[in-house]
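Listed below are the residues making up each chain.
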Amino acid sequence: MSDSPLYLGFDLSTQQLKGIAVTSSLKAEYEVKIDFDADCKGFNINKGVLLNEPEGEVFAPVAMWLQAIDGVLQRFKDEGMDFGRVRGISGAGMQHGSVYWSTKADRALDSLNPSSSLENQLADAFAHPYSPNWQDASTQEQCDAFDVHLGDATQLALLTGSKAHHRFTGPQILRFRTKYPAKYQATSRISLVSSFLASIFLGKIAPFDISDVCGMNLWDIKSGAWNERLLSLAAGSTDTSDIKHKLGAADVPEDGGEYLGNISPYFVQRYGFSPAAAIFPSTGDNPSTILALPLRPNDAIVSLGTSTTFLMSTPYYKPNPAVHFMNHPTTPGLYMFMLCYKNGGLAREHIRDSLPPSANTTNPWGQFDQIASTSAPLGQPSGLSSPMKIGLFFPRPEIVPNVHAGTWRFIYKPNLRSLMAADETTWNSPEDDARAIVESQFLSLRLRSRDLVEPPTGPNAHLPPQPRRIYLVGGGSRNAAIAKIAGQVLGGWEGVYRLDVGENACALGAAYKAVWSVERKEKQSFEELIGGRWREEEFVEKIADGYQEGIFEKYGPAVEGLELIEKEVLKAEKK
Ligand code: XUL
């Protein structure tokens, strides 16, 4: 049996706790998971959470996660993993969720008995048994207060990387304090889901991670420090010493690979870990996803799931209220740019299902792909200045831009910069919708990333600024037409690739972070170390051309058209 080192990465997400063990050469040897609904006992949850619908609250029982941590380790054991091989552990947690520890937490974490479970022994370690979840929408009032506190939402975004959002931890802490004043007072420390996970393995409360701390609306990204005024808003007092203590404020390591300490003796005795196994900061699930490959600045990941997420590593810090900026999880001086849409795959499915059935294919996407890839770009049969068909398709309320659910179809004349609502004489629905929805989703990404992308280098230096590579992940990456249109609209001078790391990108990113944290040479960056060991051919496949001269340029005016359409729709919304 091998005694080569193993590195563990965990992903504590909404519905599951996943674990993956990789070797120094990044080979995954074990992958296990606990599904909360299916595997956890004693919680009346649905899809990992509980609801208080009248108040818009969504939350998860912390005890369930404790049960899942013991459960997932047991599954590693059942798979025959030798815990003694593990040298480093890191993790990922769904962003923004908070955990409220009681004054008994330190003692309880420090004196765990290996013959009883985490769940039994940490029952008194929390001032509140639940963690508000990223799907929570109960904090409108608190978000309004955050958005005006520094002037307006733009100021808040400039300072913290994002405007106020329901799920962000600052507004959540403010609401928690006002709804449960006694519990807030009894709270000794507050963790994020990520730092909660690290705390359990460490056997003491771990600091926040340098990237995930940016999901709180409290951290001044440029200064690398808490913002006093925002802290006092959350704390309800100009004396911020108590909230700082609760946040463990003095201590947010800048290095995402900082050694936090060795594993808690509980895990050594119960599972056979080496006492030398080292714990490193756990980060958020989105930052961890960009660590599942050696993503270079100017490469973009587009996650095409139920919703759409766009992730990019960038040296530029240019936040605005429609986007999210965070510190890069491993590389000081780099940032992570993120767009989170509510409408994605579901919106495309609506259109797919409205298309007339095809005699040629039984694949539900066959007809959609065929129509989308053979329709003329922007429905423009002729030259550049002929009218363009551009639509917005939001079966669910959208956040980028912030509008109610609806469908809007427009004819845009690029030479006149004029818009006209489409009708049945100018827009053939649903057929024209198939290409238009994919185009409009990518146009929105191009609009919001255009100030961040750089001109290509080397022999391609004459090309316009665009991402180097587009990596598609998630269900939509399997549609050939979607990949083709992604390249046409977004460019990508090296091409459009499918990143196939299974369902485990976040946990894998966390495991790679553990490898880098332990094995890096002085000053060796994550991208250098992982890039040198990554076997691209195993995980990545080129699925479409990226930049195509002429077509990319054609979509330039369409970006302006989309921007105008969004303004028009927002204007109508405000009336
Ligand atoms: C990001 C966000 C979600 C959660 C859960 O801002 O809220 O992506 O991180 O995945």
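Check the entry above for the structure.
Note that this is a predicted model, so its numbers are computed, not measured.

Chemist: Would you mind showing me how to read the overall build of the protein chain here?
Modeler: Counting its regular elements, the protein chain contains 21 helices and 26 strands. The C-alpha atoms of the protein chain give 24 Å as radius of gyration, which agrees with the globular expectation for 575 residues (25 Å, within 12%). Across the 575 residues of the protein chain, 60% fall into the buried class. Of the roughly 22400 Å² that the protein chain leaves accessible, carbon and sulfur atoms contribute 50%. Of the side chains in the protein chain, 55 bear a positive and 66 a negative charge, and the two mean positions are spaced by 1 Å.

Chemist: How should the pairing of strand 5 (residues 57-61) be read in this particular structure?
Modeler: Consecutive residues of a regular strand have side chains that alternate between opposite faces of the sheet. Within strand 5, five of the five residues are buried, which leaves the element mostly enclosed by the surrounding structure. Across the two faces of strand 5 the burial is the same, with Glu57, Phe59 and Pro61 and Val58 and Ala60 all buried. Pairing of strand 4 (residues 50-52) with strand 5, which is carried by three bridges, proceeds in the antiparallel orientation. Note that in strand 5 the partner of Asn52 across the bridge is Glu57. Here strand 4 folds back onto strand 5, and the loop between the two strands holds four residues, one of which, Gly56, carries a positive phi near 75 degrees. Sheet analysis places strand 5 next to strand 8 (residues 130-132), joined by three bridges and oriented antiparallel. Its bridge partner lying in strand 8, Pro61 is registered against Tyr130.

Chemist: Teacher, can you tell me more about the side chain of Glu439 here?
Modeler: In this structure, Glu439 sits in helix 16 (residues 431-449). A relative accessible area of 2% places Glu439 in the buried class. Looking at Glu439, its side chain comes within polar contact range of the side chain of Arg435, at 2.8 Å. With sequence-adjacent residues up to four places away left out, Glu439 is seen in contact with Pro377, Leu378, Lys389, Ile485 and Tyr555.

Chemist: Hey, could you run me through the sheet that holds strand 23 (residues 418-421) in this one?
Modeler: Sheet strands associate in pairs through backbone hydrogen bonding, adopting either a parallel or an antiparallel arrangement. Taken in spatial order, the three strands of this open sheet run 19-22-23, and their pairing is antiparallel. This sheet does not close on itself; its edge strands, each paired only once, are strand 19 (388-394) and strand 23. With strand direction ignored, the average angle separating the axes of adjacent strands in the sheet is 30 degrees. Where strand 19 lies against strand 22 (residues 406-413), seven bridges are found, and the strand directions are antiparallel. Along strand 22, the bridge assignment pairs Phe393 with Thr407. Its contacts with the sheet place helix 16 against strand 19 and strand 22, and it is angled at close to 80 degrees to strand 19.

Chemist: Sorry if this is basic, but what is going on with the sheet that holds strand 18 (residues 335-341) here?
Modeler: With respect to topology, seven strands assemble into an open sheet ordered 17-18-16-15-24-25-26, the strand pairing being mixed. This sheet does not close on itself; its edge strands, each paired only once, are strand 17 (324-327) and strand 26 (540-544). Across the sheet, the mean angle from the axis of one strand to that of its neighbour is 25 degrees, orientation sign disregarded. Inspection of the sheet shows strand 15 (residues 300-304) paired to strand 24 (residues 469-473) by four bridges, in the parallel sense. In the strand pairing of strand 24, Ala300 is matched with Ile470. Contacting strand 15, strand 16 (308-314) and strand 18, helix 16 runs over the sheet at an angle of about 145 degrees to strand 18.

Rules and cut-offs
- Residue numbering note: each chain is counted from 1, following its sequence as written.
- Totals for whole chains, interfaces and linings use every residue, but because this is a predicted model, local features are given only for residues with pLDDT of at least 70 and side-chain atom pairs only at 80 or more, for both listing and counting.
- In computing side-chain values, all of the structure's heavy atoms are included and hydrogens and water are not.
- What counts as a helix is a DSSP run of H or I of at least four residues, what counts as a strand is a run of E of at least two, and both are numbered from the N terminus.
- Just to be clear, the radius of gyration here is over C-alpha atoms, and the globule rule we use is 2.2 Å times residues to the power 0.38.
- Whether a residue is buried, partly exposed or exposed follows from its accessible area with a 1.4 Å probe, protein chains only, as a fraction of its type maximum: under 20%, in between, or over 50%, in that order.
- For the accessible areas, the method is Shrake-Rupley and the probe is 1.4 Å, while residue cover comes only from the protein chains on display.
- Two residue types count as positive, namely Lys and Arg, and two as negative, namely Asp and Glu; His and chain ends fall outside the count.
- Lys charges are placed at NZ, Arg charges at CZ, Asp charges at CG and Glu charges at CD.
- Only strands that DSSP links by at least two bridges are regarded as paired with each other.
- Under this definition, polar contacts are N or O atom pairs within 3.5 Å; protein pairs additionally need one hydrogen-donor-capable and one acceptor-capable atom, and for neighbouring residues in sequence, both atoms have to be side-chain atoms.
- When checking whether two residues touch, look at their non-hydrogen atoms; a contact exists if any pair is within 4.5 Å.
- Geometry is summarised by axes, namely lines fitted to C-alpha atoms with helices restricted to the contacting stretch, and by angles between N-to-C directions that run from 0 to 180 degrees.

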